[in-house]
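Per-entry structural report
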Amino acid sequence: MISSRRVALLGCSLFSLIVAACAPQEIPSATRIANALPAIDVAATRETEPVGTANADAADDPAIWRNADNPAASLIVGTDKKAGLYVYGMDGKVRGSSLTGRYNNVALFDGEHGIVVIASDRTDPVNSKLALFLLDPMTGVLSPLASVPSGAGEAYGVCVTGAPRIAMVGAADAITVYAAIKDGTVRQINISHKDGRIEHTIGESWKLATQIEGCVIDPATGMLFVGEEDVGIWKIDVARPGSSPVMFAPADGKALVADVEGLAIATREGESSWLVASSQGDNAYAVFDTATGTLLGRFRINGGAIDGTSETDGIELATGDFGPGFEQGVFIAQDGDNGGGTQNFKLVSWAAILAALGL
């Protein structure tokens, strides 16, 4: 006679086997790369020093400030999501830091009253916040400015654009921030800044079904693009009240391989912008025309004297002169494996990417 205990154990074992058989199996990286569309190798031009947290998934997202008077003196702000923020020069050397919280993504706004750095603060995983700092362009020092609540949930992505400004000399800088919450919620946060004083209101919100992170605003059209990691890229017309997200580019395993992570925009004079997305699943980056959704090409950061990138989270792209080696712009990507248990950010000439893709 079989004991009830043995029957229970057999039942549990059978259940475990069924669950294991039904659970989705992760596709090996080599298979994901083989199944995706081809990507052209482009060598990194420079790299930053690693973030301070080693032997962990720490570096995540970059933002860049352009020094119009001296492009080579431009600054990069990058997140160490275990510890805080780092400020780098275009040579990749650390200029400053603020190791004061678990900041996941970062963006910045250069206004009349200073350079405001906005980071998604996930220190409290239940109540999301935006951590605001002032960036000193001469020293790279970050000074705490404010902590702005961005609603329930865990803070993940953040993107920023200028809002219509009051036509008055000395008026406060108007900033519109889009806070991407891990559960798929996107909230519009309206912020004003003047003389260290911050005021804010929470505006519209949108909801996607699953986890999101990367987001970016197209300055040419005002459209918001949001990456739903396992699904694809959505487009939202934030200027139209009650607008619903529209699928822009699915994570089809070809052009985009999940996870879809960082997003960045390249504006073009008199023409539609280009959207670059981190196709994390195959260590590549896809370039799309924002007007048509057409895939313009794919590339990887690989080859050359500096190691390439893998499993990229955040990216940034800025056109214009950023000094020697970056005369037409700079593309920055987080590197998930920089060797020796460290993570950092790779800098690539935008001109080199355009040449490689024939754009």
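Residues numbered from 1 in each chain as written. Predicted model: local features only at pLDDT ≥ 70, side-chain atom pairs only at ≥ 80, totals over all residues. Heavy atoms only, no water.

1. A short note on the pairing of strand E22 (residues 295-301)
Burial within E22 is extensive, with five of its seven residues counted as buried. The pairing of strand E1 (residues 40-42) with E22 spans three bridges and is parallel. Residue aspartate 41 lies in a different strand from E22, and its bridge partner there is arginine 300. Between the antiparallel neighbours strand E21 (residues 284-289) and E22 lie five residues, among them glycine 293 with a positive phi of about 80°. (Buried < 20%, exposed > 50% of the residue type's maximum accessible area, 1.4 Å probe, protein only. Helix = DSSP H or I, 4+ residues; strand = E, 2+ residues; numbered from the N terminus. Pairing = 2+ DSSP bridges.)

2. Looking at the pattern of salt bridges
Counted by the stated rule, this structure contains 16 salt bridges. Between lysine 346 and aspartate 307 there is a salt bridge, and its shortest N-O distance comes to 3.4 Å. Here the residue lysine 346 occupies a position in strand E25 (residues 344-349), and aspartate 307 occupies one in the loop between E22 and strand E23 (315-319), the gap between them amounting to 39 residues. By relative accessible area, aspartate 307 is classed as partly exposed at 31%. (Salt bridge = Lys/Arg side-chain N within 4 Å of Asp/Glu carboxyl O.)

3. With respect to the nonpolar core
The biggest cluster of nonpolar side chains holds 20 residues, and the ones touching the most others in it are Val276, Tyr285, Phe299, Ile301, Phe331, Trp350 and Ile353. Those elements that place two or more of their residues in this core are strand E19 (260-268), strand E20 (271-279), E21, E22, E23, strand E24 (329-335) and helix H3 (350-357). Looking at this core element by element, the count peaks at four residues for H3. Dropping the residues within four chain positions of it, phenylalanine 331 is found in contact with Val276, Tyr285, Phe299, Ile301, Ile315, Glu316, Leu317, Lys346, Leu347, Val348 and Ile353. One finds Val158, Ile175, Val177 and Ile191 within the second-largest nonpolar core, a separate group that totals 17 residues. (Core = buried A, V, L, I, M, F, W, Y, C linked by side-chain atoms within 4.5 Å. Contact = heavy atoms within 4.5 Å.)

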